[in-house]
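# Breakdown of the fold
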Amino acid sequence: MKLGLSCEKVVSLYGFETGLKMIKDSGFDAVDIELCQYRREENSIFYKSEDEFISYFHNIKKICDDLELEISQTHGALVTCIPDENESAKIKWEADLELKASKILGSPYCVFHNVQYRHWENISMSDETMLSENKKFFQDFLSPLCEKYGVGFSLETHGKSMISTGAVVDFVGNANNFRKSFDSIESNYKSFCLDTGHANEAYFYGGTDVIETIKTLGKDIKTLHLHDNQGVYDSHLMPLIGANRGAIKWDEVFDTLAEVGYKGVYNWELNLRYYGNYLDKAVEFMGGFLRHFTENKGRIV
């Protein structure tokens, strides 16, 4: 079993060399490199020269290789399918760079968010629109780039969407809609990213629960964002157990992932900002605890 960690907060606080070594020393086998952090920041590496871009991501790859730390996945666009043409053009430009960076990093998958209700509220939120827009972005635009770079795209489960009437379960917060949307995309590069927190949040707004979501997505789940919440907010917590447990039944999550044949990295996507300047101590603890928790399939009490 390989244990992974989404590392953006660690490397932003300590730098890649120190931060990644900290993660490796704590017992993790792999990392998820967040690429969407470079979007819209005009001093970021996305706005530098070709040589600088290549050198920057080669350096991250070398640090990981020297540490024998796998880059199991990257995280791309949080927003993809929107009606504004100018914004869409920029999203596509950034998505191209995210896949290009993923290739340099040697990541087999780049995680992307799907179409969301909030962007289409005043235009159309029909199933046909959601399916069509998602297909146009991921099949017609992104899949050829995946072929070019040799990197797969992993579509992430959603939770709720905020619209004028309040919070509603997003279109792909229902696993059956998500499956239908996925199946409509013709691509050899597609897979699912199961985000347990998003799926759990969706359930409390009328979507499918985490276990049903895993069963519906099945063997096409290739990447994970594991984290906990209590159903009302996407809080990205450590797994909550005992008297203060969250709403996620972790023993069933691990059992069901095994049933559908999941063999990838067990990557945890946690809100590490909660730990402030004690993050180094928190990461040291997390590696051992999360390995114990994951290997015992959540059955530690």
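For the structure, see preceding data.
Let me sum up the structure you'll find in this document. Every value quoted in this text rests on a predicted model; they were computed, and no experiment measured them.

### Quick look at the overall build of the protein chain
- Scanning the protein chain for helices and strands turns up 10 helices and 10 strands.
- Against the globule reference of 19 Å for 301 residues, the protein chain gives a C-alpha radius of gyration of 18 Å, in line with a compact fold.
- Dimensions of the protein chain, computed from C-alpha atoms along their principal axes, come out at roughly 50 × 50 × 35 Å.
- Within the protein chain, the proportion of its 301 residues that are buried is 55%.
- Counted over contacts in the protein chain with a minimum sequence separation of 6, partners at least 24 positions apart contribute 77%.

### Considerations on the packing of helix α6 (residues 175–184) against helix α8 (residues 210–217)
- Closest axis-to-axis distance for the α6/α8 pair is 9 Å, and the angle between their directions is 20°. Compared by their axis directions, α6 and α8 come out roughly parallel. Seen along the crossing, α6 lies across α8 with a hand that is right-handed. Contacts from Ala175, Asn176, Phe178 and Arg179 in α6 reach Glu212, Thr213, Thr216 and Leu217 in α8.
- The residue inventory of the contact of α6 with α8, partitioned by class, reads three nonpolar, three polar and two charged.

### A word on the pairing of strand β9 (residues 221–225)
- Within β9, four of the five residues are buried, which leaves it mostly tucked inside the rest of the structure.
- Summarising the sheet, strand β8 (residues 190–195) and β9 pair through four bridges and their orientation is parallel. Each residue of the ladder has a partner; that of Phe192, found in β9, is Ile221.

### A word on the pairing of strand β3 (residues 70–75)
- Of all six residues making up β3, five are buried, and the element is well covered by its neighbours.
- In the sheet, strand β2 (residues 30–34) pairs with β3 via five bridges, with the strands oriented parallel. By the bridge assignment, Ala30 is partnered in β3 with Glu70.
- The β-α-β motif built from β2, the intervening helix α3 (residues 50–67) and the parallel element β3 has right-handed crossover chirality.
- Handedness of the crossover joining β3 and strand β4 (residues 109–112) through helix α4 (residues 85–105): right-handed.

### Notes on the pattern of salt bridges
- Throughout the structure, instances matching the rule amount to 17 salt bridges.
- A salt bridge links Glu50 to Lys100; its shortest N-O distance comes to 2.6 Å. Within this pair, whereas Glu50 is found in helix α3, its partner Lys100 is found in helix α4, the two being separated by 50 residues in sequence.
- Within the structure, one salt-bridge network assembled from shared partners comprises Asp29, Arg291 and Glu295.

Analysis parameters
Along each chain, numbering runs from 1 in the same order as the chain's sequence is written. In view of the model being predicted, local features appear only for residues whose pLDDT reaches at least 70, and side-chain atom pairs are presented and counted only at 80 or more, with totals across whole chains, interfaces and linings using the full set of residues. The basis for every side-chain value is the complete set of non-hydrogen atoms in the structure, without hydrogens or water. Secondary structure elements follow DSSP: runs of H or I of four or more residues count as helices, runs of E of two or more count as strands, with numbering from the N terminus. Throughout, the radius of gyration refers to the C-alpha atoms, and the reference size of a globule is 2.2 Å times the residue count to the power 0.38. Burial classification: accessible surface area is computed with a 1.4 Å probe over protein chains only, and a residue below 20% of its type maximum counts as buried, one above 50% as exposed, and the rest as partly exposed. The contact criterion used is simple: two residues touch if any of their non-hydrogen atoms lie within 4.5 Å. Only the stretch in contact is used when fitting a helix axis, every axis being a line fitted to C-alpha atoms; angles between N-to-C directions are given from 0 to 180 degrees. Oblique is the label for every angle not falling under 35 degrees (roughly parallel), over 145 degrees (roughly antiparallel), or within 65 to 115 degrees (roughly perpendicular). Left-handed describes a crossing in which the near helix is turned anticlockwise from the far one by less than a right angle; the clockwise case is right-handed. All amino acids are sorted into three groups, where Ala, Val, Leu, Ile, Met, Phe, Trp, Tyr, Cys and Pro are nonpolar, Asp, Glu, Lys and Arg are charged, and the leftover types, Gly among them, are polar. Should DSSP find at least two bridges between two strands, the strands are taken to pair. Crossovers are marked right-handed if the path from the first strand over the helix to the second runs clockwise, as seen with the strands pointing away from the viewer. Should a side-chain nitrogen of Lys or Arg be within 4 Å of a carboxyl oxygen of Asp or Glu, the pair is scored as a salt bridge.

All quantities given are derived from atomic positions and should not be read as evidence of function.
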